[in-house]
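Below are the chains, spelled out letter by letter.
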Amino acid sequence: MTYRLPKKDLDQTLRGWANQAEVFVPQKREGYAQFLPWEAGAELLLDEPHNTRFPPKDFFLPQSETLLTYNRKLSQLEMPALQISPRIIFGIRPCDARAVALLDTVFATADNPDPYWQARREQTILIGVGCNQPATTCFCTSVGSSPFDHAVLDVLLTDLGEAYFVEAFTERGEALFANLASADANDAEQADKIKQQASALLEPAFTTDNLKDHLDQIFDSSLWNEFAQSCLGCGICTFLCPTCFCFDIVDEAQRDERVRNWDTCMFRVYSLEASGHNPRPSRAERTRQRLMHKFSYWLEHADQFGCTGCGRCVRYCPVGLDIRAMIRKAAATPSEVMHAN
Amino acid sequence: MSTTPMKIALFQCRWCLYSPEDQAWVDNDLPKNIHLVKVPCTGRIDPLFILNAVQGGADGVMVSGCLPEKCHFKEGNLAARRQLAEFSQFLDYIGYAQDRVRFVWLDLQDRGRIQQELAAFERTLETLGQAQALATRAPIAMGGAHD
Amino acid sequence: MTELETKIRAEAERLLSESLVDVVIAFRQEDAPLHPQPAFFTRAEELESLAYNGLCANNLANYLTRYPQETRIGMVVRGCENRSVNALLVEKQHTRENLVLIGVPCEGILDWRRIVALTGENVFSVEEKGESVCVHTRENTFALSRVELLHPSCQRCLHPNPISADVLLGDPKPEGDPHLMRLRIAELEALTPAERNAWFKHEAERCIRCYACREACPMCYCTECFVDHTEPRWTDSGVTPAGMQAWHIIRAFHQSGRCTSCGACERACPMDIQMTYLTDKLNLDMIDAYQFEVGMDTTTQPPFATLTLDDKNRFITQGKRS
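Residues numbered from 1 in each chain as written. Chains lettered and ligands numbered in written order. Predicted model: local features only at pLDDT ≥ 70, side-chain atom pairs only at ≥ 80, totals over all residues. Heavy atoms only, no water.

Engineer: Would you take a moment to explain the overall build of chain B for this structure?
Structural biologist: Looking only at helices and strands, chain B has 4 helices and 4 strands in total. Listing each helix as α and each strand as β along chain B from the N terminus yields β-α-β-α-β-α-β-α. For 147 residues, the compact-globule estimate of 2.2 N^0.38 gives 15 Å, and chain B sits close to it at 16 Å. Each principal axis of the C-alpha distribution contributes one length, and for chain B these read about 55 × 30 × 25 Å. Taken across its 147 residues, chain B has 58% of its residues classed as buried. Surface exposure of chain B reaches about 6200 Å², of which carbon and sulfur atoms provide 51%. (Helix = DSSP H or I, 4+ residues; strand = E, 2+ residues; numbered from the N terminus. Rg over C-alpha atoms; globule rule 2.2 N^0.38 Å. Buried < 20%, exposed > 50% of the residue type's maximum accessible area, 1.4 Å probe, protein only. Areas by Shrake-Rupley, 256 points an atom, 1.4 Å probe, with all protein chains shown as cover.)

Engineer: Is there a simple way to explain helix α7 (residues 193-204) of chain C in this structure?
Structural biologist: Helical periodicity: at 3.6 residues per turn, an α-helix aligns residues three or four positions apart in one direction. Over its 12 residues, α7 of chain C extends 16 Å from the first C-alpha to the last, a length consistent with the 16 Å expected when each residue adds 1.5 Å. Buried within α7 of chain C are the following residues: Arg196, Asn197, Phe200, Glu203 and Ala204 of chain C. All buried residues of α7 of chain C lie within an arc of 130° about the axis, which places them on one face of the element. Taken together, the buried residues of α7 of chain C touch α3 (76-93) of chain B together with α6 (178-189), α9 (241-253) and α11 (276-290) of chain C. (Expected span 1.5 Å × (residues − 1). Arc of directions from axis to C-beta. Contact = heavy atoms within 4.5 Å.)

Engineer: Looking at this structure, I do not really get the interface of chain C and chain B. What am I missing?
Structural biologist: Reports of interface size often rely on the accessible area that becomes lost once the parts have come together. Counting residues at the interface gives 45 residues for chain C and 45 residues for chain B. Around 4100 Å² of area is buried between chain C and chain B when both sides are counted, 61% of it from carbon and sulfur atoms. At the surface where chain C touches chain B, the tally comes to 3 salt bridges. Notably, a salt bridge pairs Arg82 of chain B with Asp311 of chain C, separated by 2.7 Å at the nearest N-O pair. (Buried area = accessible area lost by both parts, 1.4 Å probe. Salt bridge = Lys/Arg side-chain N within 4 Å of Asp/Glu carboxyl O.)

Engineer: What is the right way to read the interface of chain C and chain A from this model?
Structural biologist: Counting residues at the interface gives 43 residues for chain C and 45 residues for chain A. Measuring nitrogen to oxygen at the nearest pair gives 3.8 Å for the salt bridge that ties Glu215 of chain C to Arg283 of chain A. Taken together, the residues of the side of chain C that touches chain A break down into 17 nonpolar, 10 polar and 16 charged. (Nonpolar A, V, L, I, M, F, W, Y, C, P; charged D, E, K, R; others polar.)

Engineer: I'm lost on the sheet that holds strand β5 (residues 76-78) of chain A in this one. Help?
Structural biologist: Paired through their backbone hydrogen bonds, the strands of a sheet run either parallel or antiparallel. Residues and elements named next belong to chain A. The antiparallel open sheet is built from 4 strands, whose spatial order is β5-β4-β11-β10. Unpaired on one side and paired on the other, β5 and β10 (247-252) mark the two borders of the sheet. Taken over all neighbouring pairs, the strand axes of this sheet differ in orientation by 25° on average, direction set aside. As paired strands, β10 and strand β11 (residues 257-262) are joined by 6 bridges and run antiparallel to one another. Bridging across to β11, Asp248 finds its partner in Asn261. (Pairing = 2+ DSSP bridges. Axes fitted to C-alpha atoms, helices over the stretch in contact; angles between N-to-C directions.)

Engineer: How do you make sense of the sheet that holds strand β2 (residues 22-29) of chain A when you look at a structure like this?
Structural biologist: All names here are of chain A. Pairing in this open sheet of 7 strands is mixed, and the strands run β1-β9-β8-β7-β6-β2-β3 from one edge to the other. The open sheet has two edge strands with one neighbour each: β1 (2-6) and β3 (32-37). Across the sheet, the mean angle from the axis of one strand to that of its neighbour is 25°, orientation sign disregarded. Pairing geometry for strand β8 (residues 155-159) and strand β9 (residues 163-168), over 5 bridges, is antiparallel. Each bridged residue has a counterpart across the sheet, and for Val155 the counterpart in β9 is Ala168. Sitting on the sheet, helix α2 (residues 94-107) touches β6 (87-92), β7 (124-129) and β8, and the angle it makes with β6 is about 130°.

Engineer: Could you clarify how one ought to interpret the nonpolar core in this entry?
Structural biologist: For soluble globular proteins, the rule of thumb is that nonpolar side chains tend to be buried together. If you look at the biggest cluster of nonpolar residues, it comprises 188 residues, and the most contacted ones within it are Phe295 of chain A, Phe11 and Leu134 of chain B together with Ile25, Met75, Val85 and Ile249 of chain C. Among all residues touching Leu134 of chain B, those that are not within four sequence positions of it are Leu51, Val54, Leu91, Ile94 and Tyr96 of chain B together with Asn197, Phe200, Gln245 and Ile249 of chain C. Grouped together as the second largest cluster of nonpolar side chains are 24 residues, Phe90, Ile127, Val155 and Ala168 of chain A included. (Core = buried A, V, L, I, M, F, W, Y, C linked by side-chain atoms within 4.5 Å.)

Engineer: I keep staring at the state of the cysteines and nothing clicks. Help me out?
Structural biologist: Put plainly, a disulfide is one covalent bond tying together the sulfur atoms of two cysteines. All names here are of chain A. A full pass over the atoms with the stated rule returns 0 disulfides over all chains. The cysteine Cys95 is free of any disulfide, with Cys310 supplying the nearest cysteine sulfur at 5.4 Å. The exposure class assigned to Cys310 is buried, which follows from its relative accessible area of 11%. (Disulfide = S-S within 2.5 Å.)

Engineer: When you look at the packing of helix α2 (residues 47-55) of chain B against α3 of chain B in this model, what are you seeing that I'm missing?
Structural biologist: A pair of packed helices can be characterised by two numbers: the angle between their axes and the separation between those axes. Residue and element names in this part refer to chain B. Running from N to C, α2 and α3 cross one another at 40°; their axes reach a closest spacing of 10 Å. Judged by the angle between their axes, α2 and α3 are oblique. Judged by the twist between their axes, the crossing of α2 over α3 is right-handed. Contacts between α2 and α3 involve Pro47, Ile50 and Leu51 from the first element and Gln83, Leu84, Phe87 and Leu91 from the second. Grouping the constituent residues of the contact of α2 with α3 by class yields 6 nonpolar, 1 polar and no charged. (Parallel < 35°, antiparallel > 145°, perpendicular 65-115°, else oblique. Left-handed = near helix turned anticlockwise from the far one by under 90°.)

Engineer: Before we go on, may I ask you to explain the packing of aromatic side chains in this structure?
Structural biologist: Two aromatic rings, taken as a pair, are described by how far apart their centres are and by the angle between their planes. Residues and elements named next belong to chain A. The full count for this structure, using the stated rule, is 29 aromatic pairs over all chains. On the numbers, 5.2 Å between centres and 80° between planes, the contact of Trp17 with Phe177 is edge-to-face. Taken together, the residues Trp17 in helix α1 (residues 10-18) and Phe177 in helix α4 (residues 171-177) connect sequence positions 160 residues apart. The exposure class assigned to Trp17 is buried, which follows from its relative accessible area of 3%. What makes Phe177 buried here is its relative accessible area of 0%. Their ring planes at 50° and their centres at 5.3 Å tell us that Phe295 and Phe305 sit as a pair that is tilted. Of this pair, Phe295 sits in helix α9 (residues 283-302) while Phe305 is found in the loop between α9 and α10 (312-316), placing the two residues 10 residues apart along the sequence. An identical accessibility class is assigned to Phe295 and Phe305; each is buried. The cationic tip of Arg260 hangs over the ring face of Phe247; the distance from NZ or CZ to the ring centre is 4.8 Å. The side chain of Arg288 reaches across the aromatic face of Phe219, ending 3.6 Å from its centre. (Phe/Tyr/Trp six-rings, centres within 6.5 Å; stacked < 30°, edge-to-face > 60°. Lys NZ or Arg CZ within 6 Å of the ring centre and 35° of its normal.)

Engineer: Got a minute to help me understand the pairing of strand β8 (residues 141-145) of chain C in this structure?
Structural biologist: In the sheet, strand β7 (residues 132-137) of chain C pairs with β8 of chain C via 5 bridges, with the strands oriented antiparallel. Bridging across to β8 of chain C, Val133 of chain C finds its partner in Leu144 of chain C.

Engineer: How should the pattern of salt bridges be read in this particular structure?
Structural biologist: Two side chains that carry opposite charge are able to pair once their charged atoms sit near each other. Residues and elements named next belong to chain C. Evaluated as defined, the whole model comprises 56 salt bridges over all chains. Residue Asp280 pairs with Arg156 through a salt bridge whose shortest N-O separation is 3.7 Å. With Asp280 in helix α11 and Arg156 in the loop between α5 (152-155) and β9 (167-168), the pair connects residues that are 124 residues apart, well separated along the chain. Judged by relative accessible area, which is 2%, Asp280 ranks as buried.

Next up, the structure:
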């Protein structure tokens, strides 16, 4: 079903939802966009070309989470009960929603689902807003998505200027807009035009034909050393990435808790083994891992790229390493070179 | 005045208490609210130790060492003096009262002084109340920032 | 290409073609107009992409410790980078004879986030013309003044000129005003402890523990950082208040007498966390208590690496503070 939501009614709508669920909307705090609980008078930040600085994956996979507590004296374990109330995330960008879809292939598999992820997913309604004006760092169309990709979104909104064109894809999404007037053919037509225009603004950042095979072939290339030369080895690209999901389980012995923290393949200690051996001893192997995971290994388990083109890593890399340029360089590296090394 | 006793972390250089009675008192009769960490020299005390004590819930940290020219390792205490004094000023800068970190040089004739110093320190801490400026390593909220 | 870039390139070319160095560490510009990258040139032919402008935000001295002492390195250095190199030389992290410092008096680093905040997204190019900066976006052109775009650390910069470069390219700039850093710290010190504490927590607790501040800092070159240590584990591992606070406290404190106030940590931070208010305070303490300013030569040891009997101190002897 499609509806028309006049912008002047948005506040009223959010107010209504806030009675039944926790509503998160993008707002500016500390100078950048963040998902924060909606409150009366909250100023929404929906027309920025780029998305929130911190990816919304932490709604489902918190950066630090206590899995269990233990009492060493009594040899007792206790798992804290998951108490998650219904939530609505309003204004999530299509790339970030697509990332949630990708992460579902990791955490919501039929045979081995992650209960923490599952519980949060079930309680969370995702309402996306498409991007009329993608930023220069965006490249969603190059990785098989688009500025209006509705992946796992319950609802997708298209900004028509005065109003939003609302497309509901799930029952629970539809229920939220049920009292709105239906959109007319004119709205739908206008939305279509906006979608096409937005996609047209994005030029292909790289070609993906045969990319996986090529990357696999240049696994031993010296190209990775070139990237590693300037790479600092910090965790910005992976922590800000909406699809990076690596975690480390740590026993916080001082407070008798087992905690799950995000981890990143860009850290030396990520792959460091207890023996002292490190299978990824230098930044070259680590930068390679990041690229290979997204553009090769993901295809093996999910048949999709593990990148949604949100551009956060491009924007915030302190040394200006641009994943698009890295892929272009990788694509231009002849596969024969590998044997020379 | 607080009714719960102040928690104190005592870092003691193992060479600074000259009298066996004093050392026996520290080793055996230390009040329950004082947590003893013996170090081979005050020079061994990394600022991390102090922070760890603070984040472990200490209301105050006391360091007892040897007089400047009497260090068992010649100058370990001088290194401690520079670093730890600066560190406590730095903690003060971010709002953790400087008076919560106290340093005591002890000398040969200072028999029994460790007890007096600890008692005086405890009184100081009582007037300051329980330390709350820095987070303790307490359990984190379930489920991260958003739940 | 600017006149300065031409000069840097010529000097780099001389060093490489005469085989005076093994590598020249400088910047290059790729497609991203706001993000020039650190670049490592080993052959004169590669120098075409060498760039130098106000958006070169990294402290290149950071890369010094990645090379063995024998590697002969040519490096473009601004005032702060030069002092960082000196501080590293004090700590014996390289050999001065194997370094050729290409000095560039610095006009200050432009904060790309300020540019984006003022001009919006979609910046296509940035042109610097003396005190004005011209920003072209997809839709518009903006004329901005350099001063308002400067990174905060650069606004307070004391020594914009390289102090021990082997060659100096460009005209020296006037020295900075030492009061600016003092003023800021004095303002913080004038707050009540509770207010300072709130300030600290507000900054530290936005941390996502990506350690970009550590990795961007030339002085953070430990093989194993205290936060990576697991036995004993010194700090909370996660994004807990205790973990985040401990990181900010100890990271800053490890910089006492070593930080050159270059601000690379703040420029790298993805969460816009302020950190120099911690290190600047320590720097001032080092100046006031020990008359030590970081990186002014290549031999003077920082205060925590030296000891004297006659320090003023707040240790208690016989019930009195001496």
